[in-house]
Amino acid sequence: MMCSIPGLPMSGSEVPVLITRVNLNPGCGLVELWVNMDKGRKHVYEQMREKIQTPKRRFNGSEGKSADLCLVCFSDAWHRARIVSVQSETYEVFLIDQGQLHVATSEALAWGHTDNFLLPPEIESGVLANVVSVEEKWSERAEKFLMSLPGKKSQGLVQQVLMPDRTILLEIPAVSKHLCQIGVMKTIPVDEFKSLALKCLHKEESPDVVRLSQELNLNDQYFYPELLPDGFETVHVTEVTDPLNIFCKILIFSRALEILSEQIQQHYEESGDLGEARPQTVAGPCAARGTDGRWRRSLLKQNTATSDGAVEVLHVDEGKTKVVPVGDVRPLLGKFLRMPVVTYVCALTGVKRTGREWTADETDYLKSLLLNQTFVAKFDHHNTSEDVYDATLCAADDTCINDCFIKKAGLTPPSKPEGDGLNEPILSSLLSSLGDKGCTEVKETKKQVVDGKTDNVALPGADDSHTKAHSKHQDPVKHIYNRLPPGLPCKMLHACDDDVFAAGSHVNVNVSCIESLQKFWCQTTEHCDSLRRLMQDLQNHYTSAQAQLLVESVCVARNPDNSVWYRARIIASRHSTAVDVRFIDYGQSRKVPLRDVCPIDPSFLQLDALAFQCCLFNPKTDPTAATWTHSALTEFKKFVGSGASSNTRLKCIVKAVTCNNEEGPVNSVDIEAATGSACTLLAQKCAPSEAQVPLDAYTYSTFNIEVGGKEKVWVTSSETVDHFYCQLDRNSPLFDKLKENVAQLLNQPPCSNLPPGLNSICFARYTDNEWYRGQVVEMSPELKVHFVDYGDTLAVKEADLRPFPSDASIARSVPVQAVLLALFDVPAEVPREVNQWFAEEAIGQSFTISVAAKGEKRKLIVQLMFNDSVNVNEAVRERMAGLVQQQPDSSKSTYQDCRKKELKKASALTKTVEQHGVHSSDRMCAGDELQMSSIASEQETEHVKTLDEGRTLEVIPKENGTVAKDGHTDSEIKLPSLPRKVNISMYKRPNISQSKTEVYASCIVGPHYFWCQYTDTEDLNTVSKLAQEAGWAEQDGTFPETPQPGSPCLALFSSDNQWYRAQAIRRADDTLHVLFVDYGNESEVDIVNVRSLPQSLLEFPPQAFLCFLDGFDESKGSWDDEVYDDFYNRLVDKQLKMTVCKIEDHSEAAVPQYTVKTECDEVVINDLMQKYWKASSSEPSKKVMEQTETLLQAVQTKDNTTKSDVSKGINNTDSYRKPEISKDTFEMVYASCIMEPHFFWCQHADTEDLCKVVQLAQEAGQVESDLMFPETLHPGSPCLALFSGDNQWYRAQVIRREDDVLHVVFIDYGNESNVGMKDVRALPQSLLETPPQAFLCCLKGFDKSKGSWKDEVYDDFYSLLVDKRLKLTVFGLEGSHSEMEVPQYSVEIEGDGVVVNAAMQKRWKPVSEECDTTESPRRENVIQGGKTESNTPHVCVFKGNATAYKEPEISKDTSVMVYASCIVEPHFFWCQHANTEDLCKVVQLAQEAGQVESDLMFPETLYSGGPCLALFSGDNQWYRAQVIRREDDTLHVVFIDYGNESNVGVKDVRALPQSLLETPPQAFLCCLKGFDGSKGSWKDEVYDDFYSLLVDKRLKLTVFGLESSHSEMEVPQYSVEIEGDGAVVNSLMQKHWTGLDSDDTSAGRLESVDQKETRTIDESIGG
């Protein structure tokens, strides 16, 4: 569960307060308060309290542990709580919203839903500010007044919040003034009071400042929970001084205190005297050693600095005062303060405080009764002035100790009122438990209701405060609620929200209010009687109401038009004597004086709002788009009026539900009457035309700009280079007229007194104090306006907004002037520094744009030119290259090692290919020479096989060069002053089509590294010709400066002595290693044979592009040696068909690398290469992954956390027979697993063979497992697997292996599942002889390369097949499925007389231009009528999103306090700052932003590393996230404020508002410093040990450096040192680290792993 510490009010803010409890602190003369500062959110807490009355489930026995959130039931209601301690089935819990402790049994506890705990505590603690008592002891008059404050409301000013106590210094003028007037308190200066408060609360002052009245008036650093009055507790008496000073320890905490005592003893005995400063603060916490040698939590009663060798201390957990040597007093460690002090000073109820001296006999007798005994105590009263509880103590035999002592001492017994709590059944239960359990535990306790009172705070406006059981009066509208018709949903009103209906609903209505066709309200006719009775009760209840302080948005208001009271919601407050309200049962809005507004009685919240907001549906536009005209509004009012006057009812038909303003959901509807439909009528009479002005929207125009066109513009605002705005020069005269008209309209009286709502058009004042057209885009937490003619979005004050006049005007009709632009051919991920530089230099400047393409939402993709000479796109790319060069390339060695491994396995260092139809004697061919010194060593001599010569060239390798860091300066480029000729140091990206393209392979290394060229070589010929001319034209020239990695150049290729375009990779001495970008081969070139590249040759993109085969992740496997020759032979000199699946940047070559699917002669090369691929599980899993398991009969999910195993590489050569399917014949079948039309499984209707197979499988599964068998499994292997859904064995086939988990398909049904190694068995030969009883199918007639399915297809296809006997005809074999290695059949299906293929035609659509899918986006698995969803990987090429999160605010070599928020292992864990103020704000903003309606196109823009909002399934809340990868319609994301990862559907992501990008991630990725993963590994024990050292602990973290961005997540990872509980975690982890011997070979290491594995297995068997 994700949760956070709630925020507190800001210093200086005014808040409404409801005082709930008062405590008088005589020691410091301060008044402690507990207050409710709901700030208008009372209805939210009412709603929460209503929700928690339905718990998730009750506790089952002894569930729960300390710190768990739960619900507790007392006083006939459930309350939020947190478990403090557990003893057997008795729990001590802290009441979150009351700020008190409570004892309960497991029977009274329940788990709540996660969202029950999102709200912060309703009650906060504080101190009355700026006043202090003038006397040592509170007078009776002062105590009486202060004790009368609970339940009172007032306004307060937050002076300061003291951390970490969360104590608010709260100034309440009304209270302070009265206390000063009656002479019991005096005011002191603010600064002086703050100083005094800090001293008193933290006990840092000298003894003469502190006035202690009681020994146990503890420093606030000790948590000292207040007990509930009239409550029962089982206590143990630890010390007796006299009848008025008895120390009682709450028994339920005994075990927790024992553990704490042992921890304290161990710590102080082991640590010894480290020379720490002795505690000196009187009444401050300390640790003191008693005469028995035990260390105890104590309170210092003397200053150690002024004592003569010994001091007096109070052992707070025992209540005993002792004198100990100064040397036996030590500072108390902070962690020992966390346990509450639960030993209380008590006085016997009935013994009066007369000041008499107690005799020794009396105290001895009392000690004989009480000391070291256990009793049930009833806490009758809390004497706050002395901080003593009056208590009645009863023994196990029902003896009342109070009566015994009063009788023995000859005191007058007090008279007992009727119904004394001691005679109640609850006491009998407690005493019985004392007798049965030897006074060691309490089986059940409950809170007593005395005189009908409860612990709940009285609600404003409520008639009584009695509990349900004691109530004598029915709530005002209870009879309405009880008489609601059966069809009305009887749910508690959610803050009077409007109703939302499902699309397609039909409701009989009255139209109660019409503001516009985009905003009107309806009432359902079935609620008429309820509405009438509600209105009657409102008038009766509020006729004599007095004006009260409003603290909530939902209220009751009197309509100034008719003086009638209505339920209302405050929609605007102008800090004046009136507010704007909307009557929620009718829809009208009015300005109402504050005197006519009252808080709403909670009983009137039991009905939902009886009017719901609507907009008229317009089928030609977006459901809520404002396209109806003014004449249409008049016609609509006539239509509604005529329908209401007739006897026929109006019917509301809901077409859609949206949310487009701050007042909640909007139902897009059509209204029908007997005469017809409103939409139809208005479409006929008032069809919108382009000349008419919409009511509530601006018009937009493309201004006839076409692709290829040029325009003079000036840039007005910029967020990123992918999102900036301009205005067209040619629109300047029009814009001048617009500004004149805006000025005229502003001089007119405002058209409305209501503030503009969300998405409303308006006039807004900019920072230059001028008014411009705007649109409200955000209401909370700040009011933000988008200035539509400039593109800026800024926070504004409400006073700086004016509503837009509804009349037609130039300001309304002129199209929005800001045109959205993006730079063409600039990478999607642009560094923040580049975006900032672009904004600073471009805004306010004039440019020429050339439109290269059109994007979504009217965005133009452009080339930007300054002064017709400076290409800004290239300037941006150059600046990016400069930033890249300044960063170390941490991935180079990894890449080189990988390349070296691949090429050593190949038969030659490289194999290059002569370009088909391109090679000639006068230009460089792709098959001449490929030297890669980066992957050769000085001791090796490799050979290059050249295609054109057939000879072997000896390559003399050189040492790897290093990049010269001083050869490049990142100069500040100012756009206005750029020189006319600029050599931009980047090639354009290749023009790669996402559709299937014909190519030739120009350079072949292996499946993970090969280059391709288009078959059309026209541009290649042009480039080659220009290169020769440029190269020979500058024979005496040299490169003007040292080429940097990534720099373009001309290089002379030695094999043919021709010049070609190249890109520098690295330099070593006088040799430059280059990549020939038009072919793909690499070579070493003497620096004298390198020339600068003319600008003309930069205009052409590279003619070759780097590729690797899709479907093979190098981190999860490796290639057999045979792959290289086979791959080379299949590609060389062949015309290929290639489809690009996704794009990545190659780590070393600094060029894009394309993941591709390649076909040759109608054969998919990717599929052919599968046989050479070996899946690997040699690396330990770094993350806990969720695996989704599809079931045979039900849907389940299963989490797997696995450790890696070492595959022995033994192959299982057996395989299943192919299904017995005949072409062009039909079979009767059932669909056994339905995913989508291109992927579903069928079984023969005749199940005789299936039954036999199932029976044999169960028998074979009972055979003892062969421990070595799982190690022989590989993709395609047959086996028996245990299905967790029914715990039965079934035949299966392995799809893939991940660590100790096998992903299998059950071949007799078709569903897939993850199973552990222990749940597989070898398959008997007899079960191999029967072919699979299910076979994989796809619908005939739908070519995936030419189209895709609409979203509706899945439900439709499922319903046509599920549980039906079907006629199936096989038309052909589609080939083996690429992942499963099973045949897939092209079929036609007929069921219930319907040909399914024909029925599915309506769900087929042409292929999307945005995304090329290789598998369907969604599957639905069906087994025997069960339905579930699973994911099939597919790849999309996205356009990219340039926005990104800021980096965490982490400083090197500084220490911060953190908590570990997500712990995987020492090389991978996340931390959060202990100060969670920013986190709280982010969480709140995320919830609000997540409620915004989803943009259907947004998920298609997401890419790896892209920021978004994602719904976390664990608590159904929205959080900031970052995409790691995408598979079909599932995104794997990391929640960047916490660190945990999850899979979310595309429907559960939202665009991230800019405001949420401004706050950096609140969690940051860490790894322990001092452990190099390349030089060692962790032992298995490290994971549990590391977790226990970090979890739930406040840690001190020091950052020592940045480990670079994590390879998969694209987030920075920090090398850190962690200290917790006084121990350095890095040091503790050393024992779990195993270093590698540098001389060990790979084989040696593998052997050691095998031996370790064998030893582990032997040990487990032996145990």
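Look up: the structure comes first, before these words.
Just so it is clear, the model here is predicted, and its values are computed rather than measured. (Residues numbered from 1 in each chain as written. Predicted model: local features only at pLDDT ≥ 70, side-chain atom pairs only at ≥ 80, totals over all residues. Heavy atoms only, no water.)

(A) A look at the overall build of the protein chain. In terms of regular secondary structure, the protein chain is built from 30 helices and 91 strands. Counting the 1663 residues in the protein chain, one finds 53% classified as buried. Summarising the internal contacts of the protein chain: among those between residues at least 6 apart in sequence, 69% fall at separations of at least 24. When the accessible area of the protein chain is evaluated, it comes to approximately 74600 Å², of which 48% is carbon and sulfur surface. (Helix = DSSP H or I, 4+ residues; strand = E, 2+ residues; numbered from the N terminus. Buried < 20%, exposed > 50% of the residue type's maximum accessible area, 1.4 Å probe, protein only. Contact = heavy atoms within 4.5 Å. Areas by Shrake-Rupley, 256 points an atom, 1.4 Å probe, with all protein chains shown as cover.)

(B) Spotlight on the sheet that holds strand 17 (residues 295–300). Taken in spatial order, the five strands of this open sheet run 19-18-17-16-20, and their pairing is antiparallel. With partners counted over all chains shown, the strands left at the sheet margins are strand 19 (320–325) and strand 20 (329–330), one partner each. Contacts between helix 5 (residues 254–271) and the sheet are confined to strand 16 (285–289), strand 17 and strand 20, with strand 17 contributing the most and set at about 90° to the helix. (Pairing = 2+ DSSP bridges. Axes fitted to C-alpha atoms, helices over the stretch in contact; angles between N-to-C directions.)

(C) Looking closely at unusual backbone geometry. Although it is not a glycine, Asp825 sits at a positive phi angle of roughly 60°. One non-glycine residue with positive phi stands out, namely Glu1162, at about 65°. Looking at where Glu1162 falls in the secondary structure, it is placed in the loop between strand 59 (1152–1160) and strand 60 (1163–1164).

(D) View of helix 3 (residues 173–181). Within the sequence span of helix 3, burial applies to Val175, Ser176 and Leu179. Down the axis of helix 3, the sector holding all buried residues measures 95°, keeping them to one side. For helix 3, the exposed residues set more than 90 degrees away from the buried face come down to Ala174, Lys177 and Gln181. The inward-facing, buried residues of helix 3 abut strand 9 (124–128), strand 10 (131–133), helix 2 (140–147) and strand 13 (185–187). The positive-phi residue at the C-terminal boundary of helix 3 is Gly183, with phi of around 80°. (Arc of directions from axis to C-beta.)

(E) Local environment of the pattern of salt bridges. Tallied over the entire structure, the rule returns 47 salt bridges. Between Arg582 and Glu515 there is a salt bridge; the shortest N-O distance is 3.0 Å. Note that Arg582 is positioned in strand 28 (residues 578–583) and Glu515 in strand 24 (residues 506–516), a separation of 67 residues in sequence. The exposure class assigned to Glu515 is partly exposed, which follows from its relative accessible area of 33%. In this structure, Arg1061 engages Asp1078 in a salt bridge whose closest nitrogen and oxygen atoms are separated by 2.8 Å. Here the residue Arg1061 occupies a position in strand 52 (residues 1058–1068), and Asp1078 occupies one in the loop between strand 53 (1071–1075) and strand 54 (1082–1086), the gap between them amounting to 17 residues. With respect to burial, Arg1061 and Asp1078 carry one shared label: buried. Linked through salt bridges whose partners overlap, the residues forming this network are Glu46, Arg49 and Glu122. (Salt bridge = Lys/Arg side-chain N within 4 Å of Asp/Glu carboxyl O.)

(F) Quick peek at the pairing of strand 12 (residues 167–171). Counted residue by residue, strand 12 has four buried out of five residues, so it is predominantly covered. In terms of strand pairing, strand 9 meets strand 12 through three bridges, oriented parallel. Bridge pairing in strand 12 places Leu128 opposite Leu170. Where strand 11 (residues 153–162) and strand 12 come together, five bridges link them in antiparallel fashion. Within strand 12, the residue paired with Leu162 across the bridge is Thr167.

(G) Structural context of the nonpolar core. Core analysis: the largest hydrophobic core is formed by 51 residues, its most contacted members being Phe253, Leu370 and Phe379. Looking at which element gives the most residues to this core, the answer is strand 21 (residues 343–348), with five residues. Residues contacting Leu370, with those up to four places away along its chain left out, are Val237, Val240, Ile246, Phe375, Leu393 and Ile401. Cys726, Phe847, Ile849 and Val851 belong to the second largest nonpolar core, which has 30 residues in total. (Core = buried A, V, L, I, M, F, W, Y, C linked by side-chain atoms within 4.5 Å.)

(H) Geometry of the packing of aromatic side chains. In this structure the tally under the stated criterion is 50 aromatic pairs. An angle of 70° between the planes, with centres 5.2 Å apart, marks the rings of Phe1010 and Phe1127 as edge-to-face. Separated by 117 residues along the polypeptide, Phe1010 in strand 50 (residues 1009–1014) and Phe1127 in helix 20 (residues 1123–1131) bring together distant segments of the chain. Of the two residues, Phe1010 and Phe1127, both sit in the buried class. Site record: aromatic cluster; members linked through ring pairs are Phe735, Tyr766, Tyr772, Phe787 and Tyr790. Between the NZ or CZ atom of Lys1367 and the centre of the ring of Phe1226, over which it lies, the distance is 4.5 Å. The ring centre of Phe1600 lies 4.9 Å from the NZ or CZ of Lys1569, which sits over that ring. (Phe/Tyr/Trp six-rings, centres within 6.5 Å; stacked < 30°, edge-to-face > 60°. Lys NZ or Arg CZ within 6 Å of the ring centre and 35° of its normal.)

(I) Examining the pairing of strand 17 more closely. Within strand 17, six of the six residues are buried, leaving the element largely enclosed by the surrounding structure. Here strand 17 shows a buried face lined by Trp295, Arg297 and Leu299 and a second buried face lined by Arg296, Ser298 and Leu300. Linking two consecutive strands that pair antiparallel, namely strand 16 and strand 17, is a turn of five residues; a positive phi of about 85° is found at Gly293 within it. Pairing of strand 17 with strand 18 (residues 310–315), which is carried by three bridges, proceeds in the antiparallel orientation.

(J) View of helix 2. Inspection of helix 2 places Ala142, Phe145 and Leu146 among the buried residues, and these make up the whole buried set. Down the axis, helix 2 shows its buried residues gathered within 95° of arc, on one side only. Facing away from the buried side of helix 2 by over 90 degrees, the exposed positions are Glu140 and Lys144.

(K) How the structure looks around the environment of Lys1252. Residue placement: Lys1252 occurs in helix 22 (residues 1248–1261). Each C-alpha atom, one on Lys1252 and one on Thr1330, is 9.7 Å from the other, the two residues being 78 residues apart in sequence.

(L) Here's a closer look at the sheet that holds strand 3 (residues 57–58). Read across the sheet, six strands follow the order 3-8-4-5-6-7 without closing on themselves; strand pairing throughout is antiparallel. Edge positions in the sheet fall to strand 3 and strand 7 (100–105), since each has one partner strand and no second. Relative to strand 8 (residues 109–111), strand 4 (residues 69–74) runs antiparallel, the two sharing two bridges. Bridge pairing in strand 8 places Leu71 opposite Ala110.

(M) Highlighting the packing of helix 6 (residues 360–370) against helix 7 (residues 401–409). Look at helix 6 against helix 7: their axes get within 11 Å of each other, and the N-to-C directions meet at 160°. One way to sum up the angle between helix 6 and helix 7 is to call them roughly antiparallel. Crossing angle aside, the handedness with which helix 6 passes helix 7 is right-handed. On the side of helix 6, the interface is formed by Glu362, Tyr365, Leu366, Leu369 and Leu370, while helix 7 contributes Ile401, Cys404, Phe405, Lys408 and Ala409. Of the residues assigned to the contact of helix 6 with helix 7, the class counts are eight nonpolar, no polar and two charged. (Parallel < 35°, antiparallel > 145°, perpendicular 65-115°, else oblique. Left-handed = near helix turned anticlockwise from the far one by under 90°. Nonpolar A, V, L, I, M, F, W, Y, C, P; charged D, E, K, R; others polar.)

(N) Local environment of the state of the cysteines. Counted by the stated rule, this structure contains zero disulfides. Between Cys522, a cysteine without a disulfide, and Cys614, which holds the nearest cysteine sulfur, the sulfur-to-sulfur distance is 4.0 Å. Here Cys598 stays free of any disulfide, with the sulfur of Cys555 as its closest cysteine sulfur at 8.7 Å. (Disulfide = S-S within 2.5 Å.)

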